[in-house]
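One letter stands for each residue in the lines below.
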Amino acid sequence: MAQTLAEPRTLAEKVWDRHVVHRAAGEPDLLYVDLHLVHEVTSPQAFEALRLAGRPVRRPDLTVATMDHNVPTTVGPVTDRTSARQMEALTTNAKEFDITLYPWGSALQGIVHVIGPEMGYTQPGLTIVCGDSHTSTHGAFGALAFGIGTSEVEHVLATQTIPQAPARTMAITVEGDLPAGCGAKDVILGIINRIGTGGGVGHVIEYRGSAIRALSMEGRMTICNMSIEAGARAGMVAPDDTTFAYLEGKPHAPSGADWERALDDWRSLPTDADATFDAEVTIDATALRPHVSWGTNPAQSVTIDDTIPEPDSFEDEAKRDAARRALAYMALEPGTRIRDIRPDTVFIGSCTNSRIEDLRLAAGVVEGHSVAKGLRALVVPGSVAVKLQAEREGLDRIFVDAGFDWRGAGCSMCLGMNPDILQPGERSASTSNRNFEGRQGKGGRTHLVSPAVAAATAIAGHFTTPEDLREVDV
Amino acid sequence: MEPVTRIEGTAVPLDRSDVDTDQIVPAQFLKRIERTGFGPFLFHEWRKDPSFVLNDERYAGASILIAGANFGGGSSREHAPWALEDFGFRAVIAPSFADIFRNNCCKIGLLPVELPQESVRALMDAVLDEPATRIVVDLETLSVAAPSVEESFAFDDFRRWCLLEGFDDIDLTMRHADEIAAFEAARPSWLPTA
């Protein structure tokens, strides 16, 4: 990413170049950070280190904190003492270092990757970091956004910069109209299945093509969110009128004359026509089908119409070994039809799929139906704002009437740090992003799906699509 | 940070690919607000299996972990390298690493050493065959040596220099304090603030 200004550049290169504070041969570029998002799990050690070294937070005004990973999604106190201690630590640190905090109980609290966009903090052309790998979500706005570790959180708090070794660029072009029943989640699960969990390592991905352009901001966020599941350093979508319409009027978006100035700037960001990428992948959107993961990494997925694959069908030994291990953990037999698999729990939530559009879609599927007997189903809105909006629209009633739990905002069962967990051996259909062993509770078995498939599966009791449900109705 | 130059010791063969950070340290152990003490939680679930390699007495006291491709994927939790370091590891050798994990390792002086697939295989087999096999990882000469394997590895020049010297990253960055201030002065006024 060290081209001169005269050369055609990609979106990623433009955003990168305008944030270089210091560049020298043999060193990583020192990039300025426009927005630093902070949550309770990956920050306490960073603040403690600042305290020990007597260092201040350089730009509290560019730092925004919330609580999401640990928070309970039910009414009542935080019963887990260590969770409470971690939340208290963030409250103390935010106060001591003068950082804006949206704590548990605030009307603006939520998953950090949901509240950033909905309050208008997330804007095109920004550099955004957070001690969380799903920071890639914010790339949906044409920001360069990536996850960092706690030592890097400390570095950003102290300096508002981050050293970054050059990234390679990758274009993933998704062309054509998505078939009915397919959404952003199926696009990204299909992409990860195609390029693998390490396919994006070292790269910033730009998602392009008519299928991406046609997506809402919510859909683009779902796709960018899971860039990290392909190993990518970041995922981005060029800002366009969909982006601007989403941002206009948001509390922290520019307004008045500043809005016009910002628009002029944002319109200069998309990749130049003759710019080149280090790698290119093309996906035919018209051939996609709803995806369901069967294994213990997000690349191990098939379509809803498929069966569990035979481990020996994979080309290399590492993949065969991984498939055997995954099937043993998931208690699945090769040849089993995906539609014959029966989850115990359906989870609709997480920074991947907990936004208002996801809840509207799921509510539309479950309306007038009941959750299958014996199945636990819960909806966890991504933020308090999403929850309140859904309640204004009556979506909560639809879910509750169908037999779903309607919860408070947070990360919840995506990673099982709060009391929402799978029991050992339990199987879930989950709209989250990771099907790793034990991710949703030790011994839990996770199948990643879209909100549409999750909702239909909750009703049918086995993996299915809304279209299948409708056919049964007739 | 203490300088890192040369690591010599025995190794644990973790013969699987795509080892994610949720396996290295599960989420329920991320609630500590301290920086230390994560070693007991390393590979917490897998260690419940008596046949898991970390439970094998023959590999006790190892300072090097050998693993399959795409090691350290998933969550950005630095708790993963903290747990490896606290357990006693000083280097991880694998065919490839996830980016954030690699960054986090370098921040704390745990060496992520990327070798070609065949060399990792050869080291893995040597250690599986003879647990007492000693391996030397040398950051100064960028080489890995074991009785049956000699291999050089690539490492980012700047990171290598930082590790060899044991520099504090924040001090290094603040050498550019004037440039940071100049950059800040030129930022457009409409950019978002908290």
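Residues numbered from 1 in each chain as written. Chains lettered and ligands numbered in written order. Predicted model: local features only at pLDDT ≥ 70, side-chain atom pairs only at ≥ 80, totals over all residues. Heavy atoms only, no water.

**Student:** Explain the overall build of chain A to me, and be specific about the residues and the numbers.
**Tutor:** Scanning chain A from N- to C-terminus turns up 16 helices and 19 strands. Against the globule reference of 23 Å for 474 residues, chain A gives a C-alpha radius of gyration of 22 Å, in line with a compact fold. Each of the three principal axes of chain A carries a C-alpha extent, and together these read 60 × 55 × 45 Å. Looking at the 474 residues of chain A, the share that counts as buried comes to 66%. (Helix = DSSP H or I, 4+ residues; strand = E, 2+ residues; numbered from the N terminus. Rg over C-alpha atoms; globule rule 2.2 N^0.38 Å. Buried < 20%, exposed > 50% of the residue type's maximum accessible area, 1.4 Å probe, protein only.)

**Student:** Outline the overall build of chain B, listing residues and values.
**Tutor:** Secondary structure summary: chain B contains seven helices and eight strands in total. Overall size of chain B, expressed as C-alpha extent along the three principal axes, is 65 × 40 × 25 Å. In chain B, which comprises 194 residues, the proportion classed as buried is 57%. Residue pairs in contact within chain B that sit at least 24 positions apart in sequence constitute 68% of those at least 6 positions apart. When the accessible surface of chain B is split by element, carbon and sulfur atoms take 49% of a total near 7,700 Å². Each charge class in chain B can be summarised by its mean position, and for the 18 positive and 33 negative side chains these summaries are 5 Å apart. (Contact = heavy atoms within 4.5 Å. Areas by Shrake-Rupley, 256 points an atom, 1.4 Å probe, with all protein chains shown as cover. Lys, Arg positive; Asp, Glu negative; His and termini not counted. Charge placed at Lys NZ, Arg CZ, Asp CG, Glu CD.)

**Student:** So what's going on with the pairing of strand β9 (residues 168-175) of chain A? Which residues, and what values?
**Tutor:** Residues and elements named next belong to chain A. For β9, a buried count of six out of eight residues is recorded, marking the element as mostly surrounded by other parts of the structure. Assessed by its sense of winding, the connection that carries the chain from β9 through helix α6 (residues 184-195) to strand β10 (residues 203-208) is right-handed. Across six bridges, β9 lies against strand β12 (residues 279-284) in parallel orientation. Residue pairing in the sheet places E175 in a bridge with D284 of β12. (Right-handed = clockwise from strand over helix to strand, strands pointing away. Pairing = 2+ DSSP bridges.)

**Student:** So what's going on with the layout of surface pockets? Which residues, and what values?
**Tutor:** Roughly 870 Å³ of volume is contained in the largest pocket. Along the walls of the largest pocket sit 37 residues, with A165(A), R102(B), N103(B), D156(B) and R159(B) positioned nearest its centre. Of all the elements in the fold, those that place two or more residues in the lining of the largest pocket are β2 (29-32), α5 (150-159) and β8 (161-164) of chain A together with α3 (99-108), β5 (111-114), α5 (157-165) and α6 (169-173) of chain B. Here the lining of the largest pocket takes five residues from α3(B), the largest share from any one element. Here the residues of the lining of the largest pocket are counted per class, giving 17 nonpolar, seven polar and 13 charged. Of the voids in this model, the second largest pocket is the one considered here, and its volume is about 720 Å³. Around the second largest pocket, the lining is made up of 33 residues, and of these S151(A), E154(A), M1(B), R35(B) and K107(B) lie nearest the centre. Mapped onto the lining of the second largest pocket, the elements with two or more residues apiece are α2 (44-53) and α5 of chain A together with β1 (6-9), α2 (79-87), α3 and α6 of chain B. The greatest single-element share of the lining of the second largest pocket, amounting to six residues, is contributed by α2(A). Residues belonging to the lining of the second largest pocket are distributed by class as follows: 14 nonpolar, six polar and 13 charged. (1 Å grid on protein atoms, 1.4 Å probe; cavity = no way out; pocket = protein on both sides within 12 Å on 5 of 7 lines; lining within 4 Å. Points joined across faces, edges and corners; volume = space filled by probe spheres on them. Nonpolar A, V, L, I, M, F, W, Y, C, P; charged D, E, K, R; others polar.)

**Student:** Hey, could you go over the interface of chain B and chain A for me, with residue numbers and the actual values?
**Tutor:** Listed by partner, the interface residues are 54 residues for chain B and 77 residues for chain A. Taken together, the two surfaces of chain B and chain A that pack against each other cover about 5,200 Å², and 55% of this comes from carbon and sulfur. Area buried by chain B at its contact with chain A is led by K31(B), I33(B) and W190(B), which between them contribute 16% of it. Between the two partners, chain B and chain A, sit eight salt bridges. Salt-bridge contacts for E34(B) lead to R85(A); the nearest nitrogen and oxygen are separated by 2.5 Å. Taken together, chain B and chain A are joined by 31 residue pairs in polar contact (both at pLDDT 80 or more). Of the residues forming the side of chain B that touches chain A, the biggest block, six residues, is contributed by α3(B). Looking at the side of chain B that touches chain A residue by residue, the classes come out as 19 nonpolar, 13 polar and 22 charged. (Buried area = accessible area lost by both parts, 1.4 Å probe. Salt bridge = Lys/Arg side-chain N within 4 Å of Asp/Glu carboxyl O. Polar contact = N/O pair within 3.5 Å; in protein donor to acceptor, adjacent residues only side chain to side chain.)

**Student:** Lay out the packing of aromatic side chains in plain terms, naming residues and giving numbers.
**Tutor:** For the coordinates displayed, the defined rule picks out 22 aromatic pairs over all chains. Aromatic side chains W266(A) and W190(B) sit 6.1 Å apart centroid to centroid with 80° between the ring planes, which places their arrangement in the edge-to-face category. A residue pair is termed interchain when its members come from two chains, as with W266(A) in helix α10 (residues 257-266) and W190(B) in the segment after α7 (177-186). Classification of W266(A) by relative accessible area gives buried; the value is 0%. Note on W190(B): relative accessible area 9%, which makes it buried. With centroids separated by 5.3 Å and ring planes inclined at 75°, the aromatic side chains of F71(B) and F101(B) adopt a geometry described as edge-to-face. (Phe/Tyr/Trp six-rings, centres within 6.5 Å; stacked < 30°, edge-to-face > 60°.)

**Student:** With reference to specific residues and values, describe the sheet that holds strand β6 (residues 135-138) of chain B.
**Tutor:** Residue and element names in this part refer to chain B. Across the sheet, which stays open at both edges, the four strands sit in the order β1-β6-β7-β8 with antiparallel pairing between neighbours. The open sheet terminates on both sides in strands that have one partner only, identified here as β1 and β8 (149-152). Neighbour-to-neighbour, the strand axes of this sheet turn through a mean angle of 5°, independent of strand direction. Sheet strands touched by helix α4 (residues 117-129): β6, β7 (143-146) and β8. Its angle to β8, the strand with the most contacts, is close to 145°. (Axes fitted to C-alpha atoms, helices over the stretch in contact; angles between N-to-C directions.)

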